[in-house]
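# Notes for the structure review
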Amino acid sequence: MNQDILNTFSHEKNLHPLTLLYNLIINSPALVISLYYGIYQKNIGEWINVIITMLVIAIVILPAILLKYLFFKYKITNTEIIITNGILSKKNRLIPITKVQNINLTQNFLQKMLGLTKVQIETAGDIQSEAILELVSSEEAHSISTLIKLYQSNSEIKQEQNHLQNDNYLLTTSSNDNILFEMSFKEILLFGALRFRPLFLIIGFWIYSNIQQFYELNNYVNSFFEQNINNIATLDNLTLVLLAFSALITIIFISWLIDIVWTANTYYKFKLINEKNKLIIQSGLLNKQNTTIPFKKVQQISIISNILKERFGYYGLKLYTAGYGIKLKGSDLAVPNAKLEVIYEVIDKIKNYRIPNEFTQISKKSIRRAFVRYATLFVPIFAIIIYYELFIIIVLLFLIFLYYFAYLDWKNRGFYFDNNILYLKYGILIKKINIISVNKIQVVKIRETFFQRRLGLASLILDTAAVTSEAETIIRDIDKRVAQELFNLINDKINININIYKKD
Amino acid sequence: MYKLDTTVKIIWTANYLMKFLYYSIIVLIIDFLFLHSTYVSIPFKTGIISLILICIGIIFSLVVPTIAFKYWEFEVKDNEIILQYGIINRIKTLIPYSKIQHIDVQQSIIERIYGLSRLILYTAGTKGADIVIPGLPIEYAEQLRDSLKDITANESL
């Protein structure tokens, strides 16, 4: 490493001056919006808003940005990273170099244009001990990253001389051999096409309504409606339903297209890299993302699919993690979309898990319970319909449908316990196989509700340190005896693992 | 299987009574301020609802602790603690010592009068994983805490 670079970072340093410009742009969306309306609507009254916004920016935001920039200083020595900031109250943050787990360099579109990079320095501790340098120039960011790694490897050598077992952090270079999974552009588009996220339906609605405002066609439609206002009243129900249906189809189509574009943006050049003790996920077109997941933090692994994806033979792999670093999301897609064999291969490389072909089914009495549970949800609606004697046939059909749903719920549920690993299968529309290692289980519970006791059933609840409750860890409605056996078995396995750990 | 100390029933009763009193006071305030105005008017006199609530509370806090006590059991084993409790939903919990992050012994004012305490076991689990064992004599709880201290998780997550 160049001695000059070492020297520049060993003195207190400011962030890159262009940060000022960046923060100004980021902090003034209100200005843009009011400018837009002021110009677009050509309304004199609106200009007052623009002037007020300008004044607010001049008096409050600009000095704040400037002061924040002036008071933010950082320094990297061979033992620690020191960051001083704070306008009114001084904060002095000190991060020992050895505690640094990971350095993330990220760039969004605007930052890319300005040639700036955001440096996130993650430690194993909680969120409080993270350091974010927002922003430094791209060259500086890279030299910071290499510098910290260099200092780390220096202290690492010292530590290793002291005690050989230390396996905390080893400097590794990301070579291409470590790539576990990659996605081609075509695969990413396919992934987007198969996703169908409900959130995008809302966005679709929003865009559809906006298009209607601006679109020239709208005038024709309006004038058509105005001319034929008398005829519309005579239209039959079927035509109206068809009209509404076509609008719905358009909205779904729009949201589907946006979902594809959005997915392509997020997962562009997706790469899953295996480094010592951790996994690295890289992706992104406009916003580059770089996520690091230490193996230790992974609590559960899940193979996910929806009915559509399953039809085409595609699955995804999701990792659920304990809370760490600045991420509170708690889950990461390690493999967004791939054939089952590829996913098995990746799982095999990460951890030696063998996904069973057949699962133990839960008790058949579960169908009854699930049906009653679903039906009680709709009781108020049923009551109204029956009271007014509206469509009793529909109620009956709906009940049959609910029973079928309950049956599917039972059919798709299964569990398998083998060799310290528990596999749980569940889901109707979104299907999951959840894999939990016994040594990640914190607390085990058997729960018997009032109704379960009457049927001789019980649920086994496993609690891990995973942040999200997205992945179920409940074996629902199994025989009471089976639940007790599993309870004891898991207990024994945990104890065996402890003993092995102690002997080591 | 160990039982809890029988005096825990008194503590539970007191806790339930206080809770019901607290809610009935809130109901009384709402009753007084809003339910007898010109817009909304209920057919009861002010305070009747609170009175009913207190009556239910007294019956509840006399009956429930006895039943709850009957089902509350715990077992301290070589490698784990097993709890069993619940009236309507019965729950059996297993906490391996190696998963305990840290241990607290807590006492409320009423518990202090009777010389009881609660042992709270914190694990790293995220779904209701702080396990509370109520109604332990303070000496026993502290002894248990000290003996568990050495065998709890020494690995950070």
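Fair warning: this is a prediction, and the values are worked out from it, not measured in the lab. (Residues numbered from 1 in each chain as written. Chains lettered and ligands numbered in written order. Predicted model: local features only at pLDDT ≥ 70, side-chain atom pairs only at ≥ 80, totals over all residues.)

### What about the overall build of chain A?
- Secondary structure summary: chain A contains 17 helices and 20 strands in total.
- The 504 residues of chain A split such that 27% are buried.
- Across chain A, the fraction of contacts at a sequence separation of at least 24, relative to all contacts at a separation of at least 6, is 59%. (Helix = DSSP H or I, 4+ residues; strand = E, 2+ residues; numbered from the N terminus. Buried ≥ 20, exposed ≤ 12 C-beta atoms within 10 Å, placed from the backbone. Contact = placed C-beta atoms within 7 Å.)

### Thoughts on the overall build of chain B
- For chain B, the count of helices and strands is four helices and seven strands.
- Against the 2.2 N^0.38 benchmark of 15 Å for 157 residues, chain B shows a C-alpha radius of gyration of 20 Å, more extended than a compact globule.
- Reported as C-alpha extents along the three principal axes, the dimensions of chain B are approximately 65 × 35 × 30 Å. (Rg over C-alpha atoms; globule rule 2.2 N^0.38 Å.)

### A closer look at the sheet that holds strand S13 (residues 331-339) of chain A
Residue and element names in this part refer to chain A.
- Spatial ordering of the open sheet is given by S13-S12-S11-S17-S16-S15-S14, a layout of seven strands whose pairing is antiparallel. Two strands close off the open sheet at either side, each with one partner strand: S13 and strand S14 (360-361).
- Summarising the sheet, strand S16 (residues 421-426) and strand S17 (residues 430-437) pair through six bridges and their orientation is antiparallel. Directly across from Tyr423, in S17, lies its bridge partner Ile435.
- Lying on the sheet, helix H13 (residues 340-350) is in contact with strand S11 (298-306), strand S12 (314-321) and S13; it crosses S13 at an angle near 135 degrees. (Pairing = 2+ DSSP bridges. Axes fitted to C-alpha atoms, helices over the stretch in contact; angles between N-to-C directions.)

### As for the nonpolar core
Residues and elements named next belong to chain A.
- Counting residues in each nonpolar core, the largest one holds 80 residues, and the members touching the most others are Ala334, Val335 and Leu460.
- Those residues in contact with Val335 that lie beyond four places of it in its chain are Phe181, Leu272, Gly316, Leu317, Ile343 and Val346.
- Core analysis: the second largest hydrophobic core is formed by 19 residues, Ile81, Ile95, Ala141 and Ile144 among them. (Core = buried A, V, L, I, M, F, W, Y, C linked by C-beta atoms within 7 Å.)

### Quick look at the confidence of the model for chain A
- Residue-level pLDDT values for chain A average 80, and 82% of them are 70 or greater.
- A low-confidence stretch, residues 161-175 of chain A (pLDDT under 50), is modelled with 15 contacts involving residues beyond four sequence positions or located in other chains. (pLDDT = per-residue confidence, 0-100.)

### Re helix H2 (residues 48-71) of chain B
- With 24 residues, H2 of chain B extends 35 Å from end C-alpha to end C-alpha; this agrees with the ideal 34 Å at 1.5 Å per step.
- Where H2 of chain B bends most, at Phe60 of chain B, the angle is about 25 degrees. (Expected span 1.5 Å × (residues − 1). Bend = angle between axes of the 7 residues up to and from the residue.)

### Remarks on the pairing of strand S2 (residues 73-76) of chain B
Residues and elements named next belong to chain B.
- Inspection of the sheet shows strand S1 (residues 2-3) paired to S2 by two bridges, in the antiparallel sense. Across the sheet, Lys3 pairs through a bridge with Glu73, a residue of S2.
- Relative to strand S3 (residues 80-85), S2 runs antiparallel, the two being bridged by four bridges. Directly across from Glu75, in S3, lies its bridge partner Ile82.
- Here S2 hands over to S3 after three residues, the two strands then running antiparallel side by side.

### Some points on the sheet that holds strand S6 (residues 116-123) of chain B
Residues and elements named next belong to chain B.
- Reading across from one edge, S5-S6-S7 is the order of the three strands in this open sheet, with antiparallel pairing throughout. The strands lining the two open edges of the sheet, one partner per strand, are strand S5 (100-106) and strand S7 (131-137). Averaged over all pairs of adjacent strands, the angle between their axes in this sheet comes to 20 degrees, without regard to strand direction.
- Two strands pair when backbone bridges link them, and S5 and S6 are joined in this way by six bridges, in the antiparallel orientation. Note on S6: the bridge partner recorded for His102 is Tyr122.

### A look at the environment of Ile347 of chain A
Residue and element names in this part refer to chain A.
- Following the sequence through the fold, Ile347 ends up in helix H13.
- Residue classification places Ile347 among the buried residues on the basis of 20 C-beta atoms within 10 Å.
- Ile347 has contacts with Ile301, Leu317 and Tyr353, leaving out every residue within four places of it along the chain.

### Brief notes about the packing of helix H1 (residues 8-34) of chain B against H2 of chain B
Residues and elements named next belong to chain B.
- Two elements in contact, H1 and H2, have axes whose closest approach is 8 Å; the angle formed by their N-to-C orientations is 160 degrees. Of the possible angle classes, the one that applies to H1 and H2 is roughly antiparallel. Relative to H2, the crossing made by H1 is right-handed.
- For the contact of H1 with H2, a count of residues per class yields 18 nonpolar, six polar and two charged. (Parallel < 35°, antiparallel > 145°, perpendicular 65-115°, else oblique. Left-handed = near helix turned anticlockwise from the far one by under 90°. Nonpolar A, V, L, I, M, F, W, Y, C, P; charged D, E, K, R; others polar.)

### Observations regarding the environment of Ala370 of chain A
Residue and element names in this part refer to chain A.
- For Ala370, the location among the structural elements is in helix H14 (residues 365-387).
- Considering only alpha carbons, one finds Ala370 and Lys349, 21 residues apart in sequence, at a separation of 38 Å.
- Aside from chain neighbours lying at most four places away, what touches Ala370 is Ala406, Asp409 and Trp410.

### A word on the interface of chain B and chain A
- Of the residues lining the interface, 21 residues belong to chain B; the matching set on chain A comes to 22 residues.
- Element by element, the count of residues in the side of chain B that touches chain A is highest for strand S4 (residues 90-96) of chain B, at seven residues.
- Its residues assigned to classes, the side of chain B that touches chain A shows nine nonpolar, seven polar and five charged.
- Where strand S18 (residues 443-448) of chain A lies against S4 of chain B, five bridges are found, and the strand directions are antiparallel. Paired with Val444 of chain A across the two strands is Leu94 of chain B, which belongs to S4 of chain B.

### Let's talk about the packing of H14 of chain A against helix H15 (residues 392-412) of chain A
Residues and elements named next belong to chain A.
- Between H14 and H15, whose axes approach to 9 Å, the crossing angle comes to 155 degrees. Considering their axes alone, H14 and H15 lie roughly antiparallel with respect to each other. Judged by the sense of rotation from one axis to the other, the crossing of H14 with H15 is right-handed. For the pair H14 and H15, contact is made by Ser366, Ile367, Ala370, Phe371, Tyr374, Ala375, Phe382, Ile385 and Ile386 and by Ile392, Val395, Leu399, Leu402, Tyr403, Phe405, Ala406, Tyr407, Asp409 and Trp410, respectively.
- Among the residues making up the contact of H14 with H15, the classes are represented as 17 nonpolar, one polar and one charged.

### Structural notes on the confidence of the model for chain B
Residues and elements named next belong to chain B.
- Model confidence for chain B is summarised by a mean pLDDT of 87, while 95% of its residues fall at 70 or above.
- No element of chain B has a lower mean pLDDT than S5, at 85, and none a higher one than H2, at 93.
- Overall fold confidence (pTM) sits at 0.72, and the ipTM for the predicted complex is 0.85.

### With respect to the pairing of S18 of chain A
Residue and element names in this part refer to chain A.
- With five of its six residues buried, S18 lies for the most part within the structure.
- Examined bridge by bridge, S18 and strand S19 (residues 457-463) share five bridges and lie antiparallel to one another. By the bridge assignment, Val444 is partnered in S19 with Leu462.

### Looking at unusual backbone geometry
Residue and element names in this part refer to chain A.
- Glu134 connects to Leu135 through a cis peptide bond whose omega is 5 degrees.
- Here Leu135 shows up in strand S6 (residues 131-137).
- A positive phi angle is found at Lys269, which is not glycine, with a value near 55 degrees.
- One can find Lys269 in the loop between helix H11 (237-267) and strand S8 (271-275).
- The backbone phi angle of Asp477 is positive, close to 45 degrees, even though this residue is not glycine.
- By the secondary structure assignment, Asp477 is in strand S20 (residues 474-479).

### A few points about the environment of Glu275 of chain A
Residue and element names in this part refer to chain A.
- One can find Glu275 in strand S8.
- By C-beta crowding, Glu275 is classed as partly exposed, having 16 other C-beta atoms within 10 Å.
- With 140 residues separating them along the chain, Glu275 and Leu135 place their C-alpha atoms 27 Å apart.

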